[in-house]
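What follows is the residue order along each chain.
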There are 4 protein chains.
Amino acid sequence: MPIPQPNLYPPFNIVRLSHVEFVATDLAASRAFYVDTLGLQVTDEDSGTIYLRGLEERGHHCVILKKGPAAAVNALSLKVYSEEDLDKAAVWFETRGNPVEWVDRPYQGRTLRVHDNFGTPLEFYFRMDRLPPIHQQYKLYHGVKPLRIDHFNCFTPDVDASVAFYNSIGFRVTEYTEDDESKKLWAAWLHRKGGVHDIAFTNGVGPRLHHTAFWVPTPLNIIDLLDLMSTTGYLKNIERGPGRHGISNAFFLYVLDPDGHRIEIYCSDYQTVDPDLEPIKWDLKDPQRQTLWGAPAPRSWFEHGSVFAGTKTDEPLLKAQPIIAP
Amino acid sequence: MPIPQPNLYPPFNIVRLSHVEFVATDLAASRAFYVDTLGLQVTDEDSGTIYLRGLEERGHHCVILKKGPAAAVNALSLKVYSEEDLDKAAVWFETRGNPVEWVDRPYQGRTLRVHDNFGTPLEFYFRMDRLPPIHQQYKLYHGVKPLRIDHFNCFTPDVDASVAFYNSIGFRVTEYTEDDESKKLWAAWLHRKGGVHDIAFTNGVGPRLHHTAFWVPTPLNIIDLLDLMSTTGYLKNIERGPGRHGISNAFFLYVLDPDGHRIEIYCSDYQTVDPDLEPIKWDLKDPQRQTLWGAPAPRSWFEHGSVFAGTKTDEPLLKAQPIIAP
Amino acid sequence: MPIPQPNLYPPFNIVRLSHVEFVATDLAASRAFYVDTLGLQVTDEDSGTIYLRGLEERGHHCVILKKGPAAAVNALSLKVYSEEDLDKAAVWFETRGNPVEWVDRPYQGRTLRVHDNFGTPLEFYFRMDRLPPIHQQYKLYHGVKPLRIDHFNCFTPDVDASVAFYNSIGFRVTEYTEDDESKKLWAAWLHRKGGVHDIAFTNGVGPRLHHTAFWVPTPLNIIDLLDLMSTTGYLKNIERGPGRHGISNAFFLYVLDPDGHRIEIYCSDYQTVDPDLEPIKWDLKDPQRQTLWGAPAPRSWFEHGSVFAGTKTDEPLLKAQPIIAP
Amino acid sequence: MPIPQPNLYPPFNIVRLSHVEFVATDLAASRAFYVDTLGLQVTDEDSGTIYLRGLEERGHHCVILKKGPAAAVNALSLKVYSEEDLDKAAVWFETRGNPVEWVDRPYQGRTLRVHDNFGTPLEFYFRMDRLPPIHQQYKLYHGVKPLRIDHFNCFTPDVDASVAFYNSIGFRVTEYTEDDESKKLWAAWLHRKGGVHDIAFTNGVGPRLHHTAFWVPTPLNIIDLLDLMSTTGYLKNIERGPGRHGISNAFFLYVLDPDGHRIEIYCSDYQTVDPDLEPIKWDLKDPQRQTLWGAPAPRSWFEHGSVFAGTKTDEPLLKAQPIIAP
């Protein structure tokens, strides 16, 4: 089955993924992880919330840590091209019977809260407070030197359905894994901003967030982070890597934050701005799609994810359709 | 004076810079330079022409070397979003009294040839032959491991006028240098594809091409190229670098091909997809804008460029307005 | 138990490990591995033998590949400080009842063949043909850019006995693993040349060669080799890594040659020339001693090794003293 | 003229260069430079003195900063192999009419102070306080991640005479520049510890210290330091580089401390332990000997150096024999 094509003239214009809001059970522990260890920069904080940005980002936040009783993800947020696109988005979701909500978010302009076809909470905005550039204040660089948020990766109970939904709002598939027997998608990577993905979907108990990725300058920064984490009490937070993904060709490392939210450190994928870029198909039986160098991922990597607050995860589906050992 | 803003809804949609056609006086010498030394991949060649691509590119060519009697640049080429955009572009140029020409270019679909406001030859196309991916055929990687073409940089007799022209077709300024006395732009960097630039303009005898840049994975690849060139007979082709630009924050090296066409090897700039990204202003008197580390560029770097075949370079203007020692 | 100290004024002066002679069953396959893939340089070859050196080495060979019917190691070779040291070595071994043999080795001066306390064949020489430097002929650098041989690592049935033997001829322990219960050494790293080791010993069925290591410039070269091997038919030859050793602090990768001889690619250990450098002790129960980042080694890494031609490996000992899961 | 060979069995056994004592006029400024910017580790400090070590060093200090009224170098220090070697050294210097002095140095055992043939103050010791390893406490790594002191480089009024002196105490020349007309040495690099040099000599007003070098992991650390220094007020302290030396093949950067003491950041030279390693000869007229990539050094680099406290620098000689433009 040919991979579905995106809507080339989508109903509203999404620029890129923007930020994630995590519920963290212990803000001090989360701060030690994200700020002192990974090297994200604090842009604001109080007793209940910490706002973070990467070193090349000028928007106010790419991560919001919100104190709460249980680990969860409050929303995946995306930036649109203009105020007008917010209104178009609201109409589009309403027309499809999807409830929309205008919410107040500090440091942001008008923000539209909706849910995707499986209940993933999405928030769209155009305007966010802009901060002065710090990418040449090199004394601030430490940890893994995270430059910017790169993508989300989500578990979904039906990858074909998720891809169809995101295609319809303009996301383009760059790479995908297909099960040659069932002809169903096993996983897919979709972008808006010109990299391999802004969001990816993998077959599993969902909707859940598999990981959030940050872009770093070179593989050596990832090696530095491994050295740092393994000698500062974070050895058990290292889950998988370092390695080269077959899919995306990126150099990667997966680590877990103190609440178990999975973070990917990522660099070296490729430019995808051409509208006629052909998606790359991978065989579900090809182990190199996950790690070009052949090392398998640990079992936890296929099973563990973060739930979205207020969204029911499709456990029954899981039971009906057991996860194939990938 | 505030930097002019781009046309957010431009008359036609340009995806990115695409390729350059150089006239080369000795194809074997150029091949030794671009293929054996830099590491670009040959996609086709005969006695008169060589087509090259970078390691992550799937379009047929990013450089065309055409045998000819004198070094020159035949055209700067750009990819548009759809066939329809080609027709819109033709109308737009014609409406402004700018002659348009539909030309045949091997491995490309319909191609529109026009000239910008100062006579720079531009060619627009949508469709180019797509080739299988080679970015994971690592045995092909050598030289500086060039991944893709990144940008053009041009001398222009009037940067403000060039910026106004490219703004009108949707290019956005990311960084610029302004002369605080005259309030005129000294140089500007403009993008379409989400990096710091697809094209830049510098005050000088123009229109001429200052350089064409290729993106490489890390600064270490640039060090490798320096080691290689300095021990294989290309010592005199190394013009400037390695260094970190203040503007763009990129790590750079400038080398000259056998005909004197300047090539920049470039990595590490930043993502610019946000439509509200504020341009960064640099002072003409700040030496760090050129090299963050303070080392000056050689005189040749400010004066030497490649002429466009068939385009008159504005020598008189040069005499009237001497180049400020930058 | 304090780690035994070396003989500070040893009976003869060993400069460093020098080279290994492998029996290879298919020279063409071995050449493709060592030369085309790893990047070692051929210094001489005929139908039965290939001589190799690293890119900064000026001695004629660091690896000899000898065609033969079954994979084996013919000898581990070491360079001494002078011709006089060869004679002192001969006397020292003879005095201890260890048979000595003067053998002819192409491209070498007088060569003394002996066996260590467990039967490992050792060859000592002072003079080897010196070749012109090639370390600045950067066009020769490819593969993993191997600069020089770094060390041998051997299985031994009794690490304490092996350390005592090599201490007596001047090797100094830099790091070691001790079993806190039995107070026996589990593994030890010993040097002559000022790095972490020229030779190391690990508890196991021995004597056998566990691996031979080559020094490379940076961890990025190791990543390059992984990308290359995993896309040129050598995926199954990647055994372990990349990673950071706790012991030695080196960045490593283990690969297997076509005959199963294990090669370590290694960089970033530390200088050990001080005669009062304290050995670092590791606990057998500390998983970070093997991989600082916590990833376990595969089972094959603990069990597989290369036999020495003509030397009986101590299988019975193995059965009497089962290998502790490390 | 063949380069003189070292004394293979020198009168006393020097292990390596060990440390330098700088007179600093403003300890706070020096601390900001060496500790906060370069990343050396403080091992002790009070109002008059700061002791520093590199990240892999276990000896107490490789740099001593001593508050004083005028920038100077108090001594270059070297470690010998045993207490006995100290006594042998004392005898050797006394026998040659060179006054010897036993001095007290904190954190060191018996220390012998002498002067070389041109008056350079040298101090020899065997025992220094040993500190626990910190090379795997990765949270301490910052700045350029300096691992260890690597070498001294000195101006001398007569390179041949300096080389003859250091040859006689066991230093071996690895590379040298000879003036083909006068047949005199222009510069020479000599080692004890198995790298390209522990000490080098260059023709110039001397004796003065040209620079002290520190070893860092990779060229990327040097790029990081350039980014840091150029954005934290140290732009003018960057004197030369980054580049690749022809001689030594090392990747380098030269920076000046707040008192003008020159520091080289250095990596990637080669192993020189073989006693029969042939010295590499460079032509005085070959510009690649200084920078393989062809960029010239600034004039200051040939002229500026640090005086040794209490030692008369040979100004008259300079006038008689003008420095050749190198």
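Quick caveat, the model's predicted, so the values are computed rather than measured.

## Quick look at helix α4 (residues 219-229) of chain A
Turning to step 1, where the next piece is worked out: In terms of burial, α4 of chain A is a largely internal element, ten of the eleven residues being buried.
Turning to step 2, where the next piece is worked out: What α4 of chain A keeps buried is the set Pro219, Leu220, Asn221, Ile222, Ile223, Leu225, Leu226, Asp227, Leu228 and Met229 of chain A.

## Brief notes about the packing of aromatic side chains
Turning to step 1, where the next piece is worked out: The full count for this structure, using the stated rule, is 84 aromatic pairs over all chains.
Turning to step 2, where the next piece is worked out: Between the aromatic rings of Tyr9 of chain C and Tyr81 of chain D, the centroid separation amounts to 6.0 Å while the plane-to-plane angle is 80 degrees, which identifies the pairing as edge-to-face. Of this pair, Tyr9 of chain C sits in the segment before β1 (14-24) while Tyr81 of chain D sits in the loop between β5 (72-80) and α2 (83-95), on two different chains.
Turning to step 3, where the next piece is worked out: A ring pair is formed by Tyr138 of chain D and Tyr141 of chain D, whose centres lie 4.7 Å apart and whose planes are at 25 degrees; its orientation type is stacked.
Turning to step 4, where the next piece is worked out: A cation sits over an aromatic face here: Arg240 of chain B above Trp301 of chain B, 4.4 Å from the ring centre.

## Topic: the packing of α4 of chain A against helix α4 (residues 219-229) of chain C
Turning to step 1, where the next piece is worked out: Between α4 of chain A and α4 of chain C, the least distance of the axes is 10 Å, while the angle of their chain directions is 110 degrees. Considering the angle they form, α4 of chain A stands roughly perpendicular to α4 of chain C. In this structure, α4 of chain A crosses over α4 of chain C, and the sense of that crossing is right-handed. Note on element contacts: α4 of chain C touches α4 of chain A through Pro219, Leu220 and Ile223 of chain C, opposite Pro219, Leu220 and Ile223 of chain A.
Turning to step 2, where the next piece is worked out: Counted by class, the contact of α4 of chain A with α4 of chain C contains six nonpolar, no polar and no charged residues.

## Let's talk about the UniProt feature "domain: VOC" (unreviewed entry) in chain A
Residues and elements named next belong to chain A.
Turning to step 1, where the next piece is worked out: Per the UniProt entry, the sites bearing "domain: VOC" (unreviewed entry) are residues 16-127 and 148-268 in this numbering.
Turning to step 2, where the next piece is worked out: For residues 16-127, the end-to-end C-alpha separation is 13 Å, with 22% helix and 41% strand making up the annotated structure.
Turning to step 3, where the next piece is worked out: Note that residues 148-268 is 17% helix and 45% strand, and that its end C-alpha atoms are spaced 13 Å apart.

## What to know about the relation of the copies chain D and chain C
The operation relating the two chain copies consists of a rotation about an axis and a shift along that axis.
Turning to step 1, where the next piece is worked out: After a rotation of 180 degrees and a shift along the axis of 0.0 Å, chain D superposes on chain C with an RMSD of 0.0 Å. In short, the pair behaves as if placed about a two-fold rotation axis. Residue Thr218 of chain D, judged by its C-alpha, is the member of chain D lying nearest the rotation axis, at 3.3 Å.
Turning to step 2, where the next piece is worked out: Residue by residue, 100% of the interface of chain D is reproduced at the interface of chain C, so both copies engage with the same surface.

## Some details on the interface of chain C and chain B
Turning to step 1, where the next piece is worked out: Across the contact, eleven residues belong to chain C and eleven residues belong to chain B.
Turning to step 2, where the next piece is worked out: Across the chain C-chain B interface, the total number found is two salt bridges.
Turning to step 3, where the next piece is worked out: Salt-bridge contacts for Lys145 of chain C lead to Asp224 of chain B; the nearest nitrogen and oxygen are separated by 3.1 Å.
Turning to step 4, where the next piece is worked out: Joining chain C to chain B, the criterion identifies two residue pairs in polar contact (both at pLDDT 80 or more).
Turning to step 5, where the next piece is worked out: Residue composition of the side of chain C that touches chain B, grouped by class: three nonpolar, four polar and four charged.

## Focus: the relation of the copies chain C and chain B
Turning to step 1, where the next piece is worked out: Take chain C, turn it by 180 degrees, move it 0.0 Å along the axis, and it overlays chain B with an RMSD of 0.0 Å.
Turning to step 2, where the next piece is worked out: Of the interface residues in chain C, 100% have counterparts in chain B that sit at the interface too, so the contact is made through matching surfaces.

## With respect to the pattern of salt bridges
Turning to step 1, where the next piece is worked out: Inspection of the entire model under this criterion finds 92 salt bridges over all chains.
Turning to step 2, where the next piece is worked out: Here Arg299 of chain A ties to Glu303 of chain A by a salt bridge, and the two come within 2.8 Å at their closest N and O atoms. Here the residue Arg299 of chain A and the residue Glu303 of chain A both occupy positions in helix α5 (residues 299-303), the gap between them amounting to four residues, near one helical turn.
Turning to step 3, where the next piece is worked out: Here Arg299 of chain A falls in the exposed class, since its relative accessible area comes to 61%.
Turning to step 4, where the next piece is worked out: Several salt bridges share partner residues, and in doing so they unite Arg16, Arg58, Lys79 and Arg130 of chain A together with Asp274, Asp276 and Glu278 of chain B into one network.

## Quick word on the domain arrangement of chain A
Residues and elements named next belong to chain A.
Turning to step 1, where the next piece is worked out: According to the domain assignment, chain A consists of domain 1 (14-129) and domain 2 (145-320).
Turning to step 2, where the next piece is worked out: Computed from C-alpha atoms alone, the centre-to-centre distance between domain 1 and domain 2 is 19 Å.
Turning to step 3, where the next piece is worked out: Regarding the contact of domain 1 and domain 2, the summed buried area is about 3500 Å², with carbon and sulfur atoms giving 70% of it.
Turning to step 4, where the next piece is worked out: When the area that domain 1 buries against domain 2 is broken down by residue, the three leading residues are Leu17, Phe33 and Phe118, summing to 20%.
Turning to step 5, where the next piece is worked out: Where domain 1 touches domain 2, the interface holds one salt bridge.

## Let's talk about the packing of helix α1 (residues 27-38) of chain D against helix α4 (residues 219-229) of chain D
Residues and elements named next belong to chain D.
Turning to step 1, where the next piece is worked out: Relative orientation of the contacting elements α1 and α4 amounts to 125 degrees, with a least axis distance of 11 Å. On the basis of their axis angle, the class for α1 and α4 is oblique. In this structure, α1 crosses over α4, and the sense of that crossing is right-handed. Facing α1, whose interface residues are Phe33, Thr37 and Leu38, α4 presents Leu225, Leu228 and Met229.

Analysis parameters
Residues numbered from 1 in each chain as written. Chains lettered and ligands numbered in written order. Predicted model: local features only at pLDDT ≥ 70, side-chain atom pairs only at ≥ 80, totals over all residues. Heavy atoms only, no water. Buried < 20%, exposed > 50% of the residue type's maximum accessible area, 1.4 Å probe, protein only. Helix = DSSP H or I, 4+ residues; strand = E, 2+ residues; numbered from the N terminus. Phe/Tyr/Trp six-rings, centres within 6.5 Å; stacked < 30°, edge-to-face > 60°. Lys NZ or Arg CZ within 6 Å of the ring centre and 35° of its normal. Axes fitted to C-alpha atoms, helices over the stretch in contact; angles between N-to-C directions. Parallel < 35°, antiparallel > 145°, perpendicular 65-115°, else oblique. Left-handed = near helix turned anticlockwise from the far one by under 90°. Contact = heavy atoms within 4.5 Å. Nonpolar A, V, L, I, M, F, W, Y, C, P; charged D, E, K, R; others polar. UniProt positions renumbered as here; feature names shortened; annotations may be inferred. Least-squares fit on C-alpha atoms with pLDDT ≥ 70 in both. Salt bridge = Lys/Arg side-chain N within 4 Å of Asp/Glu carboxyl O. Polar contact = N/O pair within 3.5 Å; in protein donor to acceptor, adjacent residues only side chain to side chain. Domains from an automatic or database assignment. Buried area = accessible area lost by both parts, 1.4 Å probe.

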